[in-house]
Amino acid sequence: QQGHYQKRMLLAMPSDTDSLSDRQCYVRSEMVEIFAATDKDVAARHSKGAQKLDLGQVGIRCVYCSHLRARDRAERAVCYPSSISRIYQTVADMQRFHFEQCREVPDHVRQVYKKLKTTRPRGVGSPQTYWIQSAQTMGLQDTGGGSRVDTDRAKKKRRKQQQESDRSISTL
């Protein structure tokens, strides 16, 4: 039995700017975080009759209102994508339905968010593919009980990515 991943982490990665719009990069680095569902999350979700949620399942939430009770948050503040291929759409839905309504997002963050370009760099693959690949690099994987973080895999991939980055810097 693998331990449940209790740390929160941002979706942002150094390679985001190569494949995503400025706005998507900002959202990934400043506005959403990944977390693992706790017993409390599971109990709250099931009491509302919502889709099944398993302990340790990966969720995505707004960093600004996560401290509030569920009933005090704007719509789509916390989402549990059914697979890593749904993370892109989940965050897009949060952008569409949550951030404009969330009273906890600071004014300066909201202003930056609204000003950022929504077009992405040219000559790169699809953003959906990038979101899947970056989730895998972070150690997220699909299981029968939703997406989960494989902490050993995440550590190895991050270490390898850092080594590659260090090598490219030393050749400059």
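Numbering of residues starts from 1 in each chain and follows the order in which that chain's sequence is written. Where local features are concerned, this predicted model is filtered to residues with pLDDT of at least 70; where side-chain atom pairs are given and counted, the filter is 80 or more; whole-chain, interface and lining totals use all residues. Side-chain measures were taken over the full set of non-hydrogen atoms in the model, leaving aside hydrogen atoms and water.

### A word on the packing of helix H2 (residues 22–31) against helix H5 (residues 107–115)
- Running from amino to carboxyl end, H2 crosses H5 at an angle of 155°, the nearest separation of the two axes being 9 Å. As the angle between them shows, H2 and H5 are arranged roughly antiparallel. Two packed elements cross with a definite hand, and for H2 against H5 that hand is left-handed. Counting all contacts with H2, which are made through Arg23, Tyr26, Val27 and Met31, the residues of H5 involved are Val109, Val112, Tyr113 and Lys114. To obtain an axis, a line is fitted to C-alpha atoms, over the contacting stretch when the element is a helix, and the angle between two such axes runs from 0 to 180 degrees between their N-to-C directions. Put simply, DSSP marks the helices as runs of H or I at least four residues long and the strands as runs of E at least two long, and each gets a number from the N terminus on. Roughly parallel here means an angle under 35 degrees, roughly antiparallel means over 145, roughly perpendicular means 65 to 115, and every remaining angle is called oblique. By the definition used in this description, the sense in which the near helix is turned from the far one sets the handedness, with an anticlockwise turn below a right angle giving left-handed and a clockwise turn giving right-handed. Should any heavy atoms of two residues lie within 4.5 Å, those residues are considered in contact.

### Observations regarding the pattern of salt bridges
- Basic side-chain nitrogens of Lys or Arg form a salt bridge, by our definition, when they fall within 4 Å of a carboxyl oxygen of Asp or Glu. Taken as a whole and judged by the stated rule, the model has 8 salt bridges.
- Between arginine 76 and glutamate 75 there is a salt bridge; the shortest N-O distance is 3.8 Å.
- Its salt-bridge partner being glutamate 100, residue lysine 114 comes within 3.9 Å of it at the nearest N-O pair. With a gap of 14 residues between them, lysine 114 in helix H5 and glutamate 100 in the loop between helix H4 (87–97) and H5 connect regions that are remote in the sequence.

### Comments concerning H4
- For H4, the tally of buried residues reaches 8 of 11 residues, placing the bulk of the element in the interior.
- Under the scheme applied here, a residue whose accessible area is under 20% of the maximum for its type counts as buried, over 50% as exposed, and between as partly exposed, the area being computed with a 1.4 Å probe on protein chains only. Those residues of H4 lying buried are Ile87, Tyr88, Thr90, Val91, Ala92, Asp93, Met94 and Gln95.

### Here we look at the layout of surface pockets
- Both site types are read off a 1 Å grid over the protein atoms alone. A 1.4 Å probe that fits but cannot get out defines a cavity, while an open set with protein on both sides within 12 Å along at least five of seven lines defines a pocket; lining residues have an atom within 4 Å of a point. Grid points are joined across faces, edges and corners, and a volume is the space filled by probe spheres set on the points. The volume enclosed by the second largest pocket comes to roughly 180 Å³.
- Counting residues per element, the lining of the second largest pocket draws most heavily on H4, which supplies 3 residues.
- Along the lines of polarity and charge, the residues of the lining of the second largest pocket split into 3 nonpolar, 4 polar and 4 charged. Residues were grouped as follows: Ala, Val, Leu, Ile, Met, Phe, Trp, Tyr, Cys and Pro as nonpolar; Asp, Glu, Lys and Arg as charged; and all remaining residues, including Gly, as polar.

### Some remarks on the packing of aromatic side chains
- Only the six-membered ring of Trp is used, alongside the rings of Phe and Tyr, when aromatic pairs are assigned; centres must lie within 6.5 Å, and planes under 30 degrees apart are stacked while those over 60 apart are edge-to-face, with the rest tilted. With the rule as written, the count across this model stands at 3 aromatic pairs.
- Ring plane angle 65° and centroid distance 5.8 Å describe the contact between phenylalanine 35 and tyrosine 80, whose orientation is recorded as edge-to-face. Placement of phenylalanine 35 in strand S2 (residues 32–36) and of tyrosine 80 in the loop between strand S4 (78–79) and H4 is noted, with a sequence separation of 45 residues between them.
- With relative accessibility at 10%, the residue tyrosine 80 sits in the buried group.
- Aromatic pair phenylalanine 99 and tyrosine 113: ring centres 6.0 Å apart, planes at 65°, arrangement edge-to-face. In this pair, phenylalanine 99 is assigned in the loop between H4 and H5 and tyrosine 113 in helix H5, connecting sequence segments 14 residues apart. Of the two residues, phenylalanine 99 and tyrosine 113, both sit in the buried class.
- In this arrangement the basic side chain of arginine 28 is found over the ring face of tryptophan 131, its NZ or CZ atom lying 4.5 Å from the centre. By definition here, charges over rings are those cases where NZ of Lys or CZ of Arg is within 6 Å of the ring centre and within 35 degrees of the ring normal.

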